[in-house]
Amino acid sequence: MIINMSGNAAKNEIEHVIERVKESGFQPHLITGAERTVIAVVGNGGRRHEIEALKAAAGVEDVVSIAHPFKLVSRQVQSQQTIVNVGGVRIGAENIVVMAGPCSVESREQLFATARAVQAAGASILRGGAYKPRTSPYEFQGLGVEALRLLAEVRDELGMPIVTEVMSTEDVEIISEHADMLQVGARNMQNFALLRRLAKTDKPILLKRGASATIKEWLLAAEYLLAGGNPNVVLCERGIKTFETELRNTFDIASIALAKELSHLPVIADPSHGTGRRSLIASVSRAAVAVGADGLIIEVHPCPERALSDGPQSLDFTGFEEMMRGLSDPMRRIAAAGARTELASEVAAS
Ligand code: PEP
Ligand code: MN
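Residues numbered from 1 in each chain as written. Chains lettered and ligands numbered in written order. Predicted model: local features only at pLDDT ≥ 70, side-chain atom pairs only at ≥ 80, totals over all residues. Heavy atoms only, no water.

(A) Expanded view of the pairing of strand β7 (residues 97-101). Counting buried residues in β7 gives five out of five residues, a clear majority hidden from the surface. Side chains of β7 alternate between two faces, with Val97, Met99 and Gly101 and Val98 and Ala100 buried alike. Where β7 lies against strand β14 (residues 295-299), five bridges are found, and the strand directions are parallel. Looking at β14, one finds that Val97 is bridged to Gly295. Here β7 pairs with strand β8 (residues 125-127) via two bridges, running parallel. Across the sheet, residue Ala100 finds its bridge partner in β8, namely Leu126. Handedness of the crossover joining β7 and β8 through helix α3 (residues 108-120): right-handed. (Buried < 20%, exposed > 50% of the residue type's maximum accessible area, 1.4 Å probe, protein only. Helix = DSSP H or I, 4+ residues; strand = E, 2+ residues; numbered from the N terminus. Pairing = 2+ DSSP bridges. Right-handed = clockwise from strand over helix to strand, strands pointing away.)

Here it is, written out as structure tokens:
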């Protein structure tokens, strides 16, 4: 349920309602908007009739139920777009944010060279896997802590925030010490123990959609993070499994538009895993921006044919630069995101 406070509700009236929500066995979440204050009432086992009765309390405008199973992530609770700040880079604001880097961190040379190239082309966040979720136990599993140290070193030298995947609750602490944003991969989207643990960190979370997850399940996974106390969540569409076999995954473009409609959280697109094919990255990126994506995450490698993971979908430096230029093409800009083209213009001007 949502308790809409009236525009001129006094501080003590808001506090009183919050107390009453707790007494009724629910958790109150205070959302202070530009025009009005909303108290989202979540949890189970509470006494609903007591919340409904709060319609009569001073300062309360109305009490309405939330139509969706996900509550705190819904636009109904918060109509205003959430902006997630990752080491000074604002996701969900006017600019399209591009995260780029190798699938896996492989060496100092590989990481530094890639970071410099993607930064020069306009990326503002560096990605790189340290702990890799691989289908086979015989495939490269990532450099672990050594990769985290390299990522932090690059961040400190180039001033580029870093995002890396966390696969297990055991690794949350060490990864949080190094990274600016923690990625929950597709395979862990419904790892509820991990989500509950990440709800307690102060790091922003990049929540990828599970390969077999519905949009509702994806938003409910985000709900775990918000309900547990972490409001800084960015959603990422990375393709789903369908009957199609030509592509690694089927990139669900409409899920971006719908997630933006249903939720106030920023949504970004991962056309690298979404297609599995280098040749499609540029066009699918433009399409994602055109339907409202707030950013992109792209795999880039100095020599994709030598990559230890995801070579076929990785762009080389030239390919990435061309892709970034494609985003800034004036015609595409009109088709794309209206006003949110500052990054694209910067790339065009450079
Ligand atoms: C990745 O980003 O390298 C990755 C493993 O992504 P996903 O979880 O989407 O497969
Ligand atoms: Mn990858």
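(B) Quick look at the environment of Ala227. Relative to the helices and strands, Ala227 is located in helix α7 (residues 215-227). Residue classification places Ala227 among the partly exposed residues on the basis of a relative accessible area of 41%. Sequence-wise, Ala227 and Leu72 are 155 residues apart; in three dimensions their C-alpha atoms are separated by 7.0 Å. Ignoring sequence-local partners within four residues, the contact set of Ala227 consists of His29 and Leu72. (Contact = heavy atoms within 4.5 Å.)

(C) Focus on the pattern of salt bridges. Under the defined criterion, the tally for this structure stands at 17 salt bridges. Among the ionic pairs, Arg108 bridges to Glu153, the shortest N-O distance being 2.3 Å. Placement of Arg108 in helix α3 and of Glu153 in helix α4 (residues 145-158) is noted, with a sequence separation of 45 residues between them. The partner of Glu246 in a salt bridge is Arg277, with the nearest N and O atoms 3.4 Å apart. A residue pair is termed long-range when its members are at least 10 positions apart, and Glu246 in the loop between β12 (233-237) and α8 (253-262) and Arg277 in the loop between α9 (271-275) and α10 (281-290) qualify at 31 residues. By relative accessible area, which is 56% here, Glu246 ends up exposed. Judged by relative accessible area, Arg277 falls into the partly exposed class, the value being 35%. If you follow the salt bridges from partner to partner, you end up with Arg155, Asp156 and Asp180 in one network. (Salt bridge = Lys/Arg side-chain N within 4 Å of Asp/Glu carboxyl O.)

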